[in-house]
Amino acid sequence: MRKPVIVGNWKMNYTIPDALELVKRLKMMVSEVKGREIVLAPPFTALSSVSKALVGSNMTLAAQNFYWEDKGAFTGEVSAEMLLDAGCDYVIAGHSERRQLFAETDEGVNRKVRLALSSGLIPVVCVGETLAERESGETFSVIERQLTTSLRTVNISIPEDLVIAYEPVWAIGTGKTATPGQAQEVHSYIRGLLKKIFNDAADDIRILYGGSVKPENIDELMTEPDIDGALVGGASLKADLFARIVKFKVPEMAKDTEHYL
Ligand code: PGA
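Throughout what follows, the structure given in this document is the object of discussion. (Residues numbered from 1 in each chain as written. Predicted model: local features only at pLDDT ≥ 70, side-chain atom pairs only at ≥ 80, totals over all residues. Heavy atoms only, no water.)

**Quick notes on the nonpolar core**
And step 1. By size, the foremost hydrophobic cluster in this structure holds 71 residues, and its most contacted members are L83, L151, I164, I190, L194 and Y209.
And step 2. In terms of residues, this core owes the most to one element, helix α8 (residues 180-198), which gives six residues.
And step 3. With residues near it in sequence (within four places) discarded, I164 still touches V125, V127, L147, L151, I190, L194, I205, R206, I207 and L208.
And step 4. Counting 14 residues, the second largest nonpolar core, distinct from the first, contains V39, Y90, I122 and C126. (Core = buried A, V, L, I, M, F, W, Y, C linked by side-chain atoms within 4.5 Å. Buried < 20%, exposed > 50% of the residue type's maximum accessible area, 1.4 Å probe, protein only. Helix = DSSP H or I, 4+ residues; strand = E, 2+ residues; numbered from the N terminus. Contact = heavy atoms within 4.5 Å.)

Given below as structure tokens:
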């Protein structure tokens, strides 16, 4: 049984007071939610304050990035130990904005994933094709390269230690969402790749969809059998929108909903 995870990626938004205001509103709106994990990824500067504000709530904390070395002369970087110290349980690795704007590579993502796991952080490993790659029929080969390189020599003790996010680059921040069918096709392909790497544990690894997720499309996306949650950017900045996404509804019978509440 895969417990759905909804991650709010705030990107480079919000000062500490703004972040605390958003958390306050969210706490009022989602405190009754059970059967799904709610994870917030504020910018580094707000991690510690948000962590304190989340104590006793049903939400946990993620960072948006980190560096794979333990410590030392790496100006501007943040280590896994520092994220744990700030109260993080999760960390995003290989977001397409990091790949495109900050030249992150699959090899670098691999080092991050291995370090996150050995440090006790759950990596949310992002993969996804660009529009040009999709249009030239390369979606599956791109996903295969990104995923297999990012997960090279990775061991997990339990399937919940690893989260994958499929985020088609053309759907991020564009308002263009992959159709549930398009997303499911890639999610099921990813599940197949995970099976080759992790055998039966692959059935319990959560695969999130990301790219213009909003209240209007979350319910339909979540009815797909291999979509186990969402990585939400823009819509995670507004409490009412994010709360509605967290409270996604899947019609009975659409999928095994017992554990969804
Ligand atoms: P978006 O961003 O929801 O604004 O498209 C998703 C992401 O970048 O994780």
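Still more ground to cover, so stick around.
**Details of the site of the ligand**
And step 1. Around the ligand, a shell composed of 13 residues is seen, among which K11, H95, E167, G173 and S212 lie nearest.
And step 2. Between the ligand and E167 there is a distance of 2.7 Å, counted from an oxygen atom to a side-chain nitrogen or oxygen.
And step 3. G233 has a polar backbone atom sitting 2.8 Å from an oxygen atom of the ligand.
And step 4. Taken by itself the ligand offers 280 Å² of open surface, and the protein chains cover 95% of this.
And step 5. Here the ligand is seated within the second largest pocket.
And step 6. Grouping the constituent residues of the shell around the ligand by class yields four nonpolar, seven polar and two charged. (Near = heavy atom within 4 Å. Polar contact = N/O pair within 3.5 Å; in protein donor to acceptor, adjacent residues only side chain to side chain. Areas by Shrake-Rupley, 256 points an atom, 1.4 Å probe, with all protein chains shown as cover. 1 Å grid on protein atoms, 1.4 Å probe; cavity = no way out; pocket = protein on both sides within 12 Å on 5 of 7 lines; lining within 4 Å. Sits in = over half its atoms within 2 Å of the grid points. Nonpolar A, V, L, I, M, F, W, Y, C, P; charged D, E, K, R; others polar.)

**Let's talk about the packing of aromatic side chains**
And step 1. Applying the stated criterion across every chain yields a total of five aromatic pairs.
And step 2. A centroid spacing of 5.1 Å and a plane angle of 50° characterise the contact between Y67 and F74, whose relative ring orientation is tilted.
And step 3. Relative to Y189, the ring of F140 has its centre 4.5 Å away and its plane inclined at 40°; by these criteria the two rings are tilted. Linking F140 in helix α7 (residues 139-150) with Y189 in helix α8, this pair joins segments that are 49 residues apart in sequence.
And step 4. Under the relative-accessibility criterion, F140 is labelled partly exposed at 32%.
And step 5. Given the relative accessible area of 23%, Y189 is considered partly exposed.
And step 6. The structure contains a cluster of three or more aromatic residues connected by ring pairs, namely Y67, W68 and F74. (Phe/Tyr/Trp six-rings, centres within 6.5 Å; stacked < 30°, edge-to-face > 60°.)

**Quick look at empty space enclosed by the protein**
And step 1. Considering all chains together, one arrives at one cavity of 30 Å³ or more under this definition.
And step 2. What the largest cavity holds in volume is close to 40 Å³.
And step 3. Lining the largest cavity we find G94, S96, R99, C126, V127, G128, E167 and V169.
And step 4. For the lining of the largest cavity, the class distribution of residues is three nonpolar, three polar and two charged. (Points joined across faces, edges and corners; volume = space filled by probe spheres on them.)

**A few points about the environment of K27**
And step 1. Structurally, K27 is set in helix α1 (residues 16-30).
And step 2. Residues K27 and A171, 144 residues apart in the sequence, show an inter-C-alpha distance of 29 Å.
And step 3. Apart from residues no more than four positions distant in its own chain, K27 is found in contact with A53, S57 and M59.

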